[in-house]
Amino acid sequence: LEDISLTIKKGSMVGFIGETGSGKTTLLDIAMGLLNPNSGCLKVDGQIIDEKNIRSWQNQLAHVPQEIFLADTTVSENIAFGVTSDQIDQDRVKKAANKSLIENKINSLNNKYNTLVGERGASLSGGQKQRLGIARALYKDAGVIILDEATSALDIETEKEVLNSIRNLDESITILMVAHRLDTLRYCSKIIELKDGKIQREGSFNEIVKNLI
């Protein structure tokens, strides 16, 4: 990345596009505090993020990758990932499942939320795994959700419903997304196009993407 200067407002939904190697993943890794820039800095509410407050910042983040890691435990434990079973808030689990449109599938399982998902979620489809990943992010109650091609296995209508559900959950949640389908980006308030590690263009869906579809 080079000469990146970017401001993201709280509560906005920002999309990132660009060819493979353009810098999308690197930029999101810096935003998540996984990489430190060689020069410049990451600021949140005007405060520089460094080793003293990086954990506090990362506690506000939920990252949903394209390939979701699922443990061979129950559905509830996978949604409330990292929380001991006796500390799981089941009402919160069900709310997250409802918002990510995976609730009906869970209720159709023999043991519902206590069903074992199998090794790497062997009993679930790609789209169901992605919706579980989104439910996990919603359970965390994060202020920033990063969707890295996290809806690529969903059909267009389900993807639309999931994104609208997340958007309506809390207007203060900031969403950063790399989309598999350009049409997905129509929900974004701003789109950033990267090329060769630089911001090529920045604007609305109509300004950036419409002519590319």
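The coordinates are above.
Draft legend 1. Spatial organisation of the environment of D148. Examined against the element boundaries, D148 turns out to sit in strand β5 (residues 144–148). Apart from residues lying up to four places away in sequence, D148 is in contact with T25, H63, V64, P65, Q66 and V178.

Draft legend 2. Inspection of the packing of aromatic side chains at higher detail. All told, the structure shown has 1 aromatic pair when counted by the stated rule. Ring geometry for F69 and F81: centres 5.9 Å apart, planes at 70 degrees, overall edge-to-face. Within this pair, whereas F69 is found in the loop between β4 (61–64) and α3 (75–79), its partner F81 is found in the loop between α3 and α4 (90–99), the two being separated by 12 residues in sequence. The ring of Y139 has R92 sitting right over it, with the charged end atom 4.4 Å from the ring centre.

Draft legend 3. Seen up close, the pattern of salt bridges. Taken as a whole and assessed by the stated rule, the structure comprises 2 salt bridges. Between E202 and K190 there is a salt bridge whose closest N-O contact spans 3.2 Å. Here E202 is found in strand β8 (residues 198–203), whereas its partner K190 is found in strand β7 (residues 190–195), with 12 residues between them in sequence. E193 serves as the salt-bridge partner of R201, at 2.7 Å between the closest nitrogen and oxygen. The partly exposed category is assigned to R201, whose relative accessible area is 33%. Of the residues examined, E193 reaches a relative accessible area of 17% and is grouped as buried.

Draft legend 4. Quick look at the layout of surface pockets. Roughly 1200 Å³ of volume is contained in the largest pocket. For the largest pocket, the lining is made up of 41 residues, of which L6, A31, L42, K43 and V44 are closest to its centre. Of all the elements in the fold, those that place two or more residues in the lining of the largest pocket are α1 (24–31), β2 (43–44), α2 (54–58), β5 and β6 (174–178). Among the elements that take part in the lining of the largest pocket, α1 stands out by supplying 5 residues, more than any other. In the lining of the largest pocket, the residues fall into 20 nonpolar, 15 polar and 6 charged.

Draft legend 5. Quick look at unusual backbone geometry. Not every positive phi belongs to a glycine, and L101 is a case in point at roughly 60 degrees. Summarising the element assignment, L101 is placed in the loop between α4 and α5 (103–107). A residue is classified by how much of its surface remains accessible, and L101, at 28% relative accessible area, is partly exposed. Phi at D141 takes a positive value of approximately 60 degrees, unusual for a residue other than glycine. You can call D141 exposed: its relative accessible area is 59%.

Draft legend 6. A look at the nonpolar core. In terms of nonpolar packing, the biggest core is built from 41 residues, with V75, I79, I145, L185 and I191 touching the most fellow members. With 6 residues, the top contributor of residues to this core is helix α6 (residues 126–139). Residues within four places of I145 in sequence aside, it is in contact with A62, V64, A137, L138, I166, I173, T174, I175 and L176. Counting residues in each nonpolar core, the second largest holds 16 residues, with V14, L28, M32 and I146 among its members.

Draft legend 7. Region of the structure containing empty space enclosed by the protein. In this structure the tally under the stated criterion is 1 cavity of 30 Å³ or more. The calculated volume of the largest cavity comes to roughly 40 Å³. Taken together, V75, I102, K105, I106, L109, L124, Q128 and L132 form the lining of the largest cavity. Taken together, the elements giving at least two residues each to the lining of the largest cavity come down to α5 and α6. For the lining of the largest cavity, the per-class residue count stands at 6 nonpolar, 1 polar and 1 charged.

Draft legend 8. Main features of the sheet that holds β7. As summarised here, the arrangement of the 6 strands in space is β4-β5-β6-β1-β7-β8, forming an open sheet in which the pairing is mixed. At either margin of the open sheet sits one strand with a lone partner, and together these are β4 and β8. For this sheet the average axis-to-axis angle between neighbouring strands, irrespective of direction, equals 20 degrees. As paired strands, strand β1 (residues 13–17) and β6 are joined by 4 bridges and run parallel to one another. Within β6, the residue paired with G15 across the bridge is M177. Here α1 sits on the sheet and contacts β1, β4, β5, β6 and β7; the angle it forms with β1, its principal contact strand, is near 145 degrees.

The rules behind each value
- Residues numbered from 1 in each chain as written.
- Predicted model: local features only at pLDDT ≥ 70, side-chain atom pairs only at ≥ 80, totals over all residues.
- Heavy atoms only, no water.
- Helix = DSSP H or I, 4+ residues; strand = E, 2+ residues; numbered from the N terminus.
- Contact = heavy atoms within 4.5 Å.
- Phe/Tyr/Trp six-rings, centres within 6.5 Å; stacked < 30°, edge-to-face > 60°.
- Lys NZ or Arg CZ within 6 Å of the ring centre and 35° of its normal.
- Salt bridge = Lys/Arg side-chain N within 4 Å of Asp/Glu carboxyl O.
- Buried < 20%, exposed > 50% of the residue type's maximum accessible area, 1.4 Å probe, protein only.
- 1 Å grid on protein atoms, 1.4 Å probe; cavity = no way out; pocket = protein on both sides within 12 Å on 5 of 7 lines; lining within 4 Å.
- Points joined across faces, edges and corners; volume = space filled by probe spheres on them.
- Nonpolar A, V, L, I, M, F, W, Y, C, P; charged D, E, K, R; others polar.
- Core = buried A, V, L, I, M, F, W, Y, C linked by side-chain atoms within 4.5 Å.
- Pairing = 2+ DSSP bridges.
- Axes fitted to C-alpha atoms, helices over the stretch in contact; angles between N-to-C directions.

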